[in-house]
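Chains, contacts and geometry: an overview
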Amino acid sequence: MCAPAFGTPSGTIYCGDNVAVLRRHISDRSVNLIYADPPFNSGHAYYATGKRREGPRFRDSWRWDDEAYQRALVESPASLAGALEALRLVLGESSALAYCAALAPCLGELRRVLKDTGSLYLHCDARMSHYLRLMLDALFGRERCRNEIVWAYRTGGAGKRHFARKHDVILFYTASDDYTFHPQRERVRYRKRFFGAQRDARGYYADVLLRDVWEVPAVINVSAERTGYPTQKPLALLERIVAASSNAGDVVLDPYCGSGTTLVAAQKLGRRWIGIDASEEAVWVARARLSQE
Ligand SMILES: C[S@@+](CC[C@H](N)C(=O)[O-])C[C@H]1O[C@@H](n2cnc3c(N)ncnc32)[C@H](O)[C@@H]1O
C-alpha cells in the first residue's frame, strides 16, 4: 500500500514503504530539502511508553539476508552498489551490512528526487554514521558533504565502561555547489561585558553563528511536545534545519516521518511538506499534530 493517507493544501503524508512511495509519487528533482531519520540499527524494538502490551511501534534489528542484499545491489545506483560491495569487505555478511543494504535503495531514490539546489540531512548515530557517510560520499561526491553535525543531549542511562553516549550524528549533503543556505545563530551568554556583547535582563550575550555541535534538549517524558511516538525528535532541531536549508514555499520531504516533527517544522515556517512512513500509527500521530498547527 502506498496511497496518500492525509493531505492539506500544504502537503501530503503517504503510508507505506518509502521506496515504493518515492517511485510512484515523487518526480525527479522536485524536492528542495530532505531530512531522513531512519532506524539506527540499534537492535531494539520501539514501544510507545507504557504500552508494551500493544507490541512495538517499529523494530530496528537487521539480519543478514543474501537475497535482500543482491536485490539492494540491483535497485541502487551503481555508485552506491559499489560502496556496499566495499563495505562488505569490512563488515562481512553481518547485520550491519544488512542495515546498510536496506537503506541503500531509499538513499538512491532520495538523490533522484532532490533538486540541484537541494540538501539532504541524514540522521544517524555513532554506531553506523561512518558507514552511511561512505555511502553518501559515493552517491553525492565527497566534496558535497557540508557538515557532520553533532546533536548533543542529556538523557538518562550511561554505561560504566565507556563515556556516556549522548550524541547523534546528522550528515548534511548538497546536490551541487549552488545550494540554499541561510546561516543560523544561537545566543551565547557571558558573565562579563566585552566589546560587541549585548545586554538584557539576564546579563550579557552575543548571537553567534551556529557551529556544527548543537545542544538541543531531547524529547523526554515530561516534554510538552512529546507525542508518545518512540524516537520523536525535538521540533527545535528540525526548525533549525528547515530554516537553514529551505525558503518559504519550498518542498520539504521526510521519508521516515514518524510522529511528523519535520512536517510540523515545515508547516510552521511556511514550507510545503511530504511525509512518508510505513506505520499507520505514525501517520495518525503526524496527522493529529499537523491538524493542531
Ligand atoms: C526514527 S523513527 C522517525 C522519528 C521521527 N523523526 C519523529 O520525529 O517522530 C523512524 C521511522 O521510520 C519508519 N520506517 C522504517 N522503515 C520504513 C520504510 N521502509 N518506509 C517508510 N517508513 C519506514 C518507522 O515506522 C519509524 O516511524
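Look above for the structure.
Scope of this entry: the structure provided in the associated data block. All values reported here derive from a predicted model rather than from experimental measurement. (Residues numbered from 1 in each chain as written. Predicted model: local features only at pLDDT ≥ 70, side-chain atom pairs only at ≥ 80, totals over all residues. Heavy atoms only, no water.)

**Notes on the layout of surface pockets**
Approximately 190 Å³ is the volume attributed to the second largest pocket. Going through the elements one at a time, β7 (145-152) and α6 (235-245) are the ones with two or more residues in the lining of the second largest pocket. Take the lining of the second largest pocket: its biggest share by element is 3 residues, from α6. Looking at the lining of the second largest pocket, its residues break down into 10 nonpolar, 2 polar and 3 charged. (1 Å grid on protein atoms, 1.4 Å probe; cavity = no way out; pocket = protein on both sides within 12 Å on 5 of 7 lines; lining within 4 Å. Points joined across faces, edges and corners; volume = space filled by probe spheres on them. Helix = DSSP H or I, 4+ residues; strand = E, 2+ residues; numbered from the N terminus. Nonpolar A, V, L, I, M, F, W, Y, C, P; charged D, E, K, R; others polar.)

**Focus on the packing of aromatic side chains**
What the rule picks out here adds up to 7 aromatic pairs. Residues Trp 62 and Tyr 99 carry aromatic rings whose centres are separated by 5.6 Å and whose planes lie at 75 degrees to one another, so their mutual orientation is edge-to-face. In this pair, Trp 62 is assigned in the loop between β5 (58-59) and α2 (66-75) and Tyr 99 in helix α4 (residues 95-113), connecting sequence segments 37 residues apart. Note on Trp 62: relative accessible area 26%, which makes it partly exposed. Relative to Tyr 173, the ring of Phe 140 lies with its centre 5.4 Å away and its plane at 40 degrees, an arrangement referred to as tilted. (Phe/Tyr/Trp six-rings, centres within 6.5 Å; stacked < 30°, edge-to-face > 60°. Buried < 20%, exposed > 50% of the residue type's maximum accessible area, 1.4 Å probe, protein only.)

**So, the pairing of strand β3 (residues 31-36)**
When you tally the buried positions in β3, you get 6 out of 6 residues, the bulk of the element. By the bridge criterion, 5 bridges tie β3 to strand β6 (residues 114-124) in an arrangement that is parallel. In the strand pairing of β6, Ala 36 is matched with Leu 122. Pairing geometry for β3 and strand β13 (residues 251-254), over 2 bridges, is parallel. For Ile 34, the partnering residue across the bridge sits in β13 and is Leu 253. (Pairing = 2+ DSSP bridges.)

**Quick notes on the site of the ligand**
As a structural note, the neighbourhood of the ligand is formed by 20 residues, with Asp 37, Tyr 229, Ser 259, Thr 261 and Asp 277 the closest of them. Note that an oxygen atom of the ligand is positioned 2.7 Å from one of the side-chain N or O atoms of Thr 261. Here a nitrogen atom of the ligand and a backbone polar atom of Ala 278 are 3.0 Å apart. Taken together, the residues of the shell around the ligand break down into 8 nonpolar, 8 polar and 4 charged. (Near = heavy atom within 4 Å. Polar contact = N/O pair within 3.5 Å; in protein donor to acceptor, adjacent residues only side chain to side chain.)

**Concerning the sheet that holds strand β11 (residues 203-209)**
In spatial order, the strands read β9-β11-β10; together these 3 strands make up an open sheet with antiparallel pairing. If you trace the sheet from one side to the other, it starts and ends with β9 (185-190) and β10 (198-200), each paired once. The sheet shows a mean angle of 40 degrees between the axes of neighbouring strands, taken without regard to direction. By the bridge criterion, 3 bridges tie β10 to β11 in an arrangement that is antiparallel. In the strand pairing of β11, Gln 198 is matched with Tyr 205. (Axes fitted to C-alpha atoms, helices over the stretch in contact; angles between N-to-C directions.)

**Overview of the packing of α4 against helix α5 (residues 129-140)**
In a packed pair of helices, the relevant descriptors are the angle between the two axes and the axis-to-axis distance. In the contact formed by α4 and α5, the axes pass within 11 Å of each other and the chain directions differ by 35 degrees. For the crossing formed where α4 meets α5, the hand is right-handed. When α4 is examined against α5, the residues Tyr 99, Cys 100, Leu 103, Ala 104, Leu 107, Gly 108 and Arg 111 are found in contact with a partner set consisting of Tyr 131, Leu 132, Met 135, Leu 136, Leu 139 and Phe 140. Split into classes, the residues belonging to the contact of α4 with α5 amount to 11 nonpolar, 1 polar and 1 charged. (Left-handed = near helix turned anticlockwise from the far one by under 90°. Contact = heavy atoms within 4.5 Å.)

**Examining the sheet that holds strand β12 (residues 213-215)**
Pairing between sheet strands relies on hydrogen bonds along the backbone, with the strands arranged either parallel or antiparallel. The 9 strands lie next to each other as β1-β2-β14-β13-β3-β6-β8-β7-β12, forming an open sheet whose pairing is mixed. Looking along the sheet, the strands with just one partner apiece sit at the ends: β1 (4-8) and β12. Between one strand and the next, the sheet's axes are offset by a mean angle of 15 degrees, whatever the strand orientation. By the bridge criterion, 6 bridges tie β6 to strand β8 (residues 167-174) in an arrangement that is antiparallel.

Shape descriptors only; they carry no functional weight alone.
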